[in-house]
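Here are the chains, one letter per residue:
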Amino acid sequence: MSDVSTSNKQCLVGVTLDENSLGRGSPDQEHERAVAIYDLIERNRFVVPEHDGGPYLAHLAMVERRLVFEVKGADGSPVVTHHLSLSPFRRIIKDYELICESYYAAIRTATPTQIEAIDMGRRGLHDEAAHILAERLANKVEIDFDTARRLFTLIYALHWKG
């Protein structure tokens, strides 16, 4: 599946994170979340099978250690809500958190070669999580790889501790 711009109906035009689920992160994490939401809204592919079409709004929350992925029409009308176990993501989230801390520190003090090496590991974990997320959402919503990557960033954001 290729990317499509948000001028297409098969996309997300708004994304929110549940305030009760959300911990405040570091300034770097807060920036990463804002960029992920901005990038996701700017360019994504998001289709709900057996629905008349988008565009869509998404709301993500954590309830009892599960991801609640609520999809609405652009007018706010309910479309579908999915509850996903986060068990397949727990190791990745833990590893991703550790490597992100190293990455943020490296940006301030390391050489470009060191930063690139850390970022390659970070991207590898991000890609692994995106593949798992796309598999978990298969037959529920159709997303492209970049959309899955940005959604994982938001799932990760729901795990930040204040």
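Keep in mind it's a predicted model, so treat the numbers as computed, not measured. (Residues numbered from 1 in each chain as written. Predicted model: local features only at pLDDT ≥ 70, side-chain atom pairs only at ≥ 80, totals over all residues. Heavy atoms only, no water.)

This brings us to the overall build of the protein chain. Summing up its helical and strand segments, the protein chain has four helices and six strands in all. Tracing the protein chain from N to C terminus, the helices and strands come up as β-α-β-β-β-β-α-α-β-α. The C-alpha radius of gyration computed for the protein chain amounts to 16 Å, which stays within 12% of the reference 15 Å derived for 162 residues, consistent with globular compactness. Counting only C-alpha atoms and orienting by the principal axes, one finds that the protein chain spans roughly 50 × 35 × 25 Å. (Helix = DSSP H or I, 4+ residues; strand = E, 2+ residues; numbered from the N terminus. Rg over C-alpha atoms; globule rule 2.2 N^0.38 Å.)

Put simply, helix 1 (residues 27-42) and helix 4 (residues 145-157) touch, their axes get as near as 9 Å, and they point 145° apart. The two elements helix 1 and helix 4 meet at a crossing, and its hand is left-handed. Facing Gln29, Glu32, Arg33, Ala36, Ile37, Asp39 and Leu40 of helix 1, the residues of helix 4 in contact are Thr147, Arg150, Leu151, Thr153, Leu154, Tyr156 and Ala157. Broken down by class, the residue content of the contact of helix 1 with helix 4 amounts to seven nonpolar, three polar and four charged. (Axes fitted to C-alpha atoms, helices over the stretch in contact; angles between N-to-C directions. Left-handed = near helix turned anticlockwise from the far one by under 90°. Contact = heavy atoms within 4.5 Å. Nonpolar A, V, L, I, M, F, W, Y, C, P; charged D, E, K, R; others polar.)

Located in the positive-phi region is Glu50, a residue other than glycine, with phi close to 60°. Structurally, the position occupied by Glu50 is in the loop between strand 2 (46-47) and strand 3 (56-63). Judged by its relative accessible area of 86%, Glu50 is exposed. (Buried < 20%, exposed > 50% of the residue type's maximum accessible area, 1.4 Å probe, protein only.)

This part takes up the packing of aromatic side chains. Scanning the entire structure with this criterion turns up seven aromatic pairs. For the pair Phe46 and Phe69, a centre-to-centre distance of 5.9 Å together with 10° between the ring planes defines the contact as stacked. Separated by 23 residues along the polypeptide, Phe46 in strand 2 and Phe69 in strand 4 (residues 66-73) bring together distant segments of the chain. Ring plane angle 75° and centroid distance 5.3 Å describe the contact between Tyr96 and Phe152, whose orientation is recorded as edge-to-face. Here Tyr96 is found in helix 2 (residues 90-109), whereas its partner Phe152 is found in helix 4, with 56 residues between them in sequence. Of the two residues, Tyr96 and Phe152, both sit in the buried class. (Phe/Tyr/Trp six-rings, centres within 6.5 Å; stacked < 30°, edge-to-face > 60°.)

Turning our attention to the confidence of the model for the protein chain. Mean pLDDT over the protein chain stands at 88; residues scoring 70 or higher make up 94%. Mean pLDDT in the protein chain bottoms out at helix 1, which sits at 87, and peaks at helix 3 (residues 112-137), which reaches 95. Note on residues 1-7: pLDDT is under 50 here. Beyond four places in sequence and across chains, it has 21 contacts. (pLDDT = per-residue confidence, 0-100.)

Once that is clear, we can look at helix 3. Taking 1.5 Å per residue as the helical rise, helix 3 with its 26 residues ought to reach 38 Å, and the 36 Å between its terminal C-alpha atoms agrees with that figure. All buried positions along helix 3 are accounted for by Ile115, Asp119, Arg122, Leu125, His126, Ala129, Ala130, Ile132, Leu133 and Leu137. Contact partners of the buried residues in helix 3: helix 1, strand 5 (78-85), helix 2, strand 6 (142-143) and helix 4. Among the residues trailing helix 3, Asn139 stands out with phi positive, at a value near 70°. (Expected span 1.5 Å × (residues − 1).)

Where strand 3 meets strand 4, eight bridges bridge the pair, whose relative direction is antiparallel. Note on strand 4: the bridge partner recorded for Leu60 is Phe69. Linking two consecutive strands that pair antiparallel, namely strand 3 and strand 4, is a turn of two residues; a positive phi of about 50° is found at Glu64 within it. Between strand 4 and strand 5, which pair antiparallel in sequence order, lie four residues; one of them, Gly76, sits at a positive phi of approximately 90°. (Pairing = 2+ DSSP bridges.)

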